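Commentary on secondary and tertiary structure
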Amino acid sequence: MTDEHDSSPRPEDDAARLGLVVVGEAAALHSGDDAALDASEQNIREVIDEMIDEPLTERQEQVVERLAAAGGTLTAGLSGALAAQSGRSVDDVLSGAARSVVWQQHLAEQRDAGSHDGSDEHGSGEREDAGGQQRERRNDDGHDED
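Residues numbered from 1 in each chain as written. Predicted model: local features only at pLDDT ≥ 70, side-chain atom pairs only at ≥ 80, totals over all residues. Heavy atoms only, no water.

**A few points about the overall build of the protein**
- Helix and strand counts for the protein stand at five helices and zero strands.
- In sequence order, the secondary structure elements of the protein are arranged as α-α-α-α-α.
- Relative to its full complement of 146 residues, the protein shows a buried share of 27%.
- For the protein, long-range pairs separated by at least 24 residues make up 57% of all intrachain contacts whose partners lie at least 6 apart in sequence.
- For the protein, the exposed surface amounts to about 9600 Å²; the carbon and sulfur share of it is 50%. (Helix = DSSP H or I, 4+ residues; strand = E, 2+ residues; numbered from the N terminus. Buried < 20%, exposed > 50% of the residue type's maximum accessible area, 1.4 Å probe, protein only. Contact = heavy atoms within 4.5 Å. Areas by Shrake-Rupley, 256 points an atom, 1.4 Å probe, with all protein chains shown as cover.)

**Overview of the packing of helix α1 (residues 11-31) against helix α3 (residues 58-86)**
- It is at 7 Å that the axes of α1 and α3 come closest, and there the two elements cross at 60 degrees. Considering their axes alone, α1 and α3 lie oblique with respect to each other. In this structure, α1 crosses over α3, and the sense of that crossing is right-handed. Of the residues in α3, those touching α1 at V22, E25, A26, L29 and H30 are A68, A69, G71, G72, T73, T75, A76, S79 and G80. (Axes fitted to C-alpha atoms, helices over the stretch in contact; angles between N-to-C directions. Parallel < 35°, antiparallel > 145°, perpendicular 65-115°, else oblique. Left-handed = near helix turned anticlockwise from the far one by under 90°.)

**Points about the side chain of D13**
- Mapped onto the elements, D13 comes out in helix α1.
- Within polar-contact distance, the side chain of D13 engages the side chain of Q105 at 2.6 Å.
- Beyond its immediate sequence surroundings of up to four residues, D13 is in contact with Q105 and E109. (Polar contact = N/O pair within 3.5 Å; in protein donor to acceptor, adjacent residues only side chain to side chain.)

**Description of the nonpolar core**
- If you look at the biggest cluster of nonpolar residues, it comprises six residues: V21, I44, V47, I48, M51 and A68.
- Among the elements that line this core, the one with the most residues is helix α2 (residues 34-51), at four residues.
- Leaving out residues up to four positions away in the same chain, I44 has contacts with V21, E25, E65, A68 and A69. (Core = buried A, V, L, I, M, F, W, Y, C linked by side-chain atoms within 4.5 Å.)

**Observations regarding the pattern of salt bridges**
- As enumerated under the stated definition, the model contains eight salt bridges in all.
- Measuring nitrogen to oxygen at the nearest pair gives 3.1 Å for the salt bridge that ties R10 to D13. Each member of the pair, R10 together with D13, is buried.
- Put simply, R10 and E109 hold a salt bridge, and the shortest N to O gap is 4.0 Å. (Salt bridge = Lys/Arg side-chain N within 4 Å of Asp/Glu carboxyl O.)

**Side note on the side chain of D14**
- Within the secondary structure, D14 sits in helix α1.
- Of the buried charged residues, D14 lacks a salt bridge, with R17 as the closest side chain of opposite charge at 4.5 Å. (Lys, Arg positive; Asp, Glu negative; His and termini not counted.)

**Some details on α2**
- Between its terminal C-alpha atoms α2 stretches 26 Å, which fits the 26 Å expected from 18 residues at 1.5 Å a residue.
- Within α2, the full set of buried residues consists of S40, I44, V47, I48 and M51. Along the axis of α2, the buried residues cluster in a sector spanning 95 degrees; they form a single face. Those residues of α2 that are exposed and angled more than 90 degrees off the buried face are D34, A35 and E50.
- Looking at the buried side of α2, the elements it contacts are α1 and α3. (Expected span 1.5 Å × (residues − 1). Arc of directions from axis to C-beta.)

**Focus: the environment of I44**
- Inspection of the secondary structure puts I44 in helix α2.
- C-alpha separation for the pair I44 and V21, spaced 23 residues apart in sequence, amounts to 6.3 Å.

Everything listed here is a matter of coordinates, which is why it stays silent on function.
Laid out in structure tokens, this is it:
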């Protein structure tokens, strides 16, 4: 018998892909490059198309695309503000955001592996705290704690 998870991605994997798309949109917005922005918007469409099980209506598709773009706009604004406040580059902040997305996916994988091997439902017992991962990352790099 095959595992049903083998044929379809886990929600955490889809969420990670969407999170990275949002970070990509933010990076494109900060670049000021129209070609990068066009490529990012095309990437949003492609990722959404790959994730849906049934075709969306035109309106639903537009709403989802605009939500992803709005997320990118928010991420761009917040990362710009954080970069200015912390004295770091926007690229550093966005790289940290991407690492946080990947870390969340990693924690979910650990949790799922733990629930399959008989341990508690939270797997490793680690809190899914992307901000905590970011703080740890800054400390490892020798930067001040917040």
